[in-house]
Amino acid sequence: MGRMAGRRVLLAVPVLAAVTFGVFAVAAASPFDPVKAYAGTAGLTASQENLDQLRANLGVDQPLVTRWWDWLTSALSGDLGDSSVMRQPVADVIGERLGWSVLLAATAFLLAVVLGTGLGVLAARRPGGLLDRCVSSAAYTLEAAPAFWLGLLAIWFFALKLDVLPAGGLTDAASDTVTFGQVATHLVLPAAVLGFSQLPWFFLYVRQGVADALDEDPVRGARARGLRERTVLLGHALRSGMLPMLTLIGSRVPELITGALLVETVFSWPGIAAATVQAATSVDFPLLAALTVLATVAVVLGNLLSDLLYAIADPRVGFDG
């Protein structure tokens, strides 16, 4: 296990370097001017000399490779730089928002895995039955529905029509403190929308895997020995059927991140979505690079987690193979 994790970490180093360089290259080719974005309306009347001085202060007058290398060496020493659009250190921008994004993504992911697995097992017991047909139809519908559309639909139905859940934000409008109850209430809709947008893939993988496992000889043998159906289903078929789903976890991380950005925007959730959008449109090099590195690290860790879970679930797979 240690050697496999070590190899993945070593492979992640050049990937992260290439990703950050790509961010700076794309930002350099962008038509947006970071100096004008930083100056705002004051830039409309500023002299060219002042704009050039501001460009030098922000470091955007340097060549692409120089800007990237300066940021990379500073980041390795723990200094992520200052965000020109947020007017504060990048580490503070991320620190203030990352926790809320992790809370939303983790809750939604847990909902998708647990509910998708449970429904997949129940549907696989009787393929073609009423439950299987209904849930499969709903899964294919959700699979084709964009996360932002589901979010708008949820706001219209639960917040506007039924008025049972808040439409967005982290706390009530009249509240100046953050309490557990308010956060939990405001988390329901965005977490449910993000979770249901990821649920179809887990449901379909588990359903197919368990259905195939029920037709295998070891499961038939367990039934022939007189084991209870619940034991056969959960102890034999589910373990075998879960293996394909475990590999899905890593591949869903990029979709989870993209969906989280859309859902955060729709529900005004105070995560990193707004910071990401502003960093992209304002060509905020340090903040954009740091957020991209975070997303890349999440994808790498997701794939590593998939491999570890697969190896634990299937002893035939060696950790160092």
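Procedures and definitions
Residues numbered from 1 in each chain as written. Predicted model: local features only at pLDDT ≥ 70, side-chain atom pairs only at ≥ 80, totals over all residues. Heavy atoms only, no water. Helix = DSSP H or I, 4+ residues; strand = E, 2+ residues; numbered from the N terminus. Contact = heavy atoms within 4.5 Å. Axes fitted to C-alpha atoms, helices over the stretch in contact; angles between N-to-C directions. Left-handed = near helix turned anticlockwise from the far one by under 90°. Nonpolar A, V, L, I, M, F, W, Y, C, P; charged D, E, K, R; others polar. Expected span 1.5 Å × (residues − 1). Buried < 20%, exposed > 50% of the residue type's maximum accessible area, 1.4 Å probe, protein only. 1 Å grid on protein atoms, 1.4 Å probe; cavity = no way out; pocket = protein on both sides within 12 Å on 5 of 7 lines; lining within 4 Å. Points joined across faces, edges and corners; volume = space filled by probe spheres on them. Patch = residues over 30% accessible without salt bridge, like charges linked within 9 Å, V, L, I, M, F, W, Y side chains within 5 Å. Areas by Shrake-Rupley, 256 points an atom, 1.4 Å probe, with all protein chains shown as cover. Salt bridge = Lys/Arg side-chain N within 4 Å of Asp/Glu carboxyl O.

**Student:** Explain the overall build of the protein to me, using residue names and the numbers behind them.
**Tutor:** Along the backbone of the protein there are 12 helices and two strands. Across the protein, helices and strands are ordered from the amino to the carboxyl terminus as α-α-α-α-β-β-α-α-α-α-α-α-α-α. Partitioning the contacts of the protein with sequence separation of at least 6, the portion at a separation of at least 24 is 74%.

**Student:** Pulling in residues and values, what's your account of the packing of helix α5 (residues 90-125) against helix α8 (residues 180-214)?
**Tutor:** Packing of α5 against α8 leaves a shortest axis separation of 4 Å and a crossing angle of 35°. For the pair α5 and α8, the sense of crossing is right-handed. Split into classes, the residues belonging to the contact of α5 with α8 amount to 28 nonpolar, six polar and two charged.

**Student:** Just give me the short version of the side chain of Thr20, but keep the residues and values in it.
**Tutor:** Locating Thr20 in the fold gives a position in helix α1 (residues 2-29). In this structure, Thr20 is in contact with Trp68, Trp71, Ala289 and Val293, ignoring residues within four places of it in sequence.

**Student:** Break down helix α4 (residues 64-76) for me, with residues and values.
**Tutor:** Each α-helix winds once per 3.6 residues, and so residues spaced three or four apart point in a common direction. The end-to-end C-alpha distance of α4, which contains 13 residues, comes to 18 Å, matching closely the 18 Å that a straight helix rising 1.5 Å per residue would cover. One or two steps after α4, the chain reaches Gly78, where phi turns positive at roughly 100°.

**Student:** Lay out unusual backbone geometry in plain terms, naming residues and giving numbers.
**Tutor:** Notably, Asp163 is not glycine yet its phi reads approximately 55°, a positive angle. Relative to the helices and strands, Asp163 resides in the loop between α7 (147-161) and α8. Residues other than glycine seldom take positive phi values, yet Ser268 does so here, at roughly 50°. Its place among the elements puts Ser268 in the loop between α10 (229-267) and α11 (273-281). Among the residues examined, Ser268 registers a relative accessible area of 52% and is labelled exposed.

**Student:** How would you explain α7 if you had to name every residue and give the values?
**Tutor:** End to end, α7 covers 20 Å across 15 residues, agreeing with the expected 21 Å (1.5 Å per residue, within 8%). All of the buried residues along α7 are Ala147, Leu150, Gly151, Ala154, Ile155 and Ala159. One or two positions beyond α7, positive phi appears at Asp163, with a value near 55°.

**Student:** Just give me the short version of the layout of surface pockets, but keep the residues and values in it.
**Tutor:** There is about 670 Å³ of room inside the largest pocket. Surrounding the largest pocket, 25 residues form its lining, Val102, Ala105, Val253, Ile257 and Ala298 being those nearest its centre. Elements supplying a minimum of two residues to the lining of the largest pocket: α5, α10 and α12 (285-313). Sorting elements by how many residues they give to the lining of the largest pocket places α12 first, with 10 residues.

**Student:** Lay out a nonpolar patch on the surface with the relevant residues and their values.
**Tutor:** Together, Phe148, Trp149, Leu152, Leu153, Trp156, Phe157, Phe158, Leu160, Leu162, Val164 and Leu262 line one region of the surface with nonpolar side chains, adding up to about 1100 Å² of accessible area. No other element matches α7, which puts eight residues into the nonpolar patch. Leu162 sits in the partly exposed class, given a relative accessible area of 42%.

**Student:** Lay out the pattern of salt bridges in plain terms, naming residues and giving numbers.
**Tutor:** What the rule picks out here adds up to two salt bridges. Among the salt bridges present, the one from Glu96 reaches Arg97, with a minimum N-O distance of 3.4 Å. Note on Glu96: relative accessible area 46%, which makes it partly exposed. Under the relative-accessibility criterion, Arg97 is labelled buried at 18%. Two residues, Asp132 and Arg207, come together in a salt bridge whose shortest N-O distance is 2.6 Å. A residue pair is termed long-range when its members are at least 10 positions apart, and Asp132 in helix α6 (residues 130-144) and Arg207 in helix α8 qualify at 75 residues.

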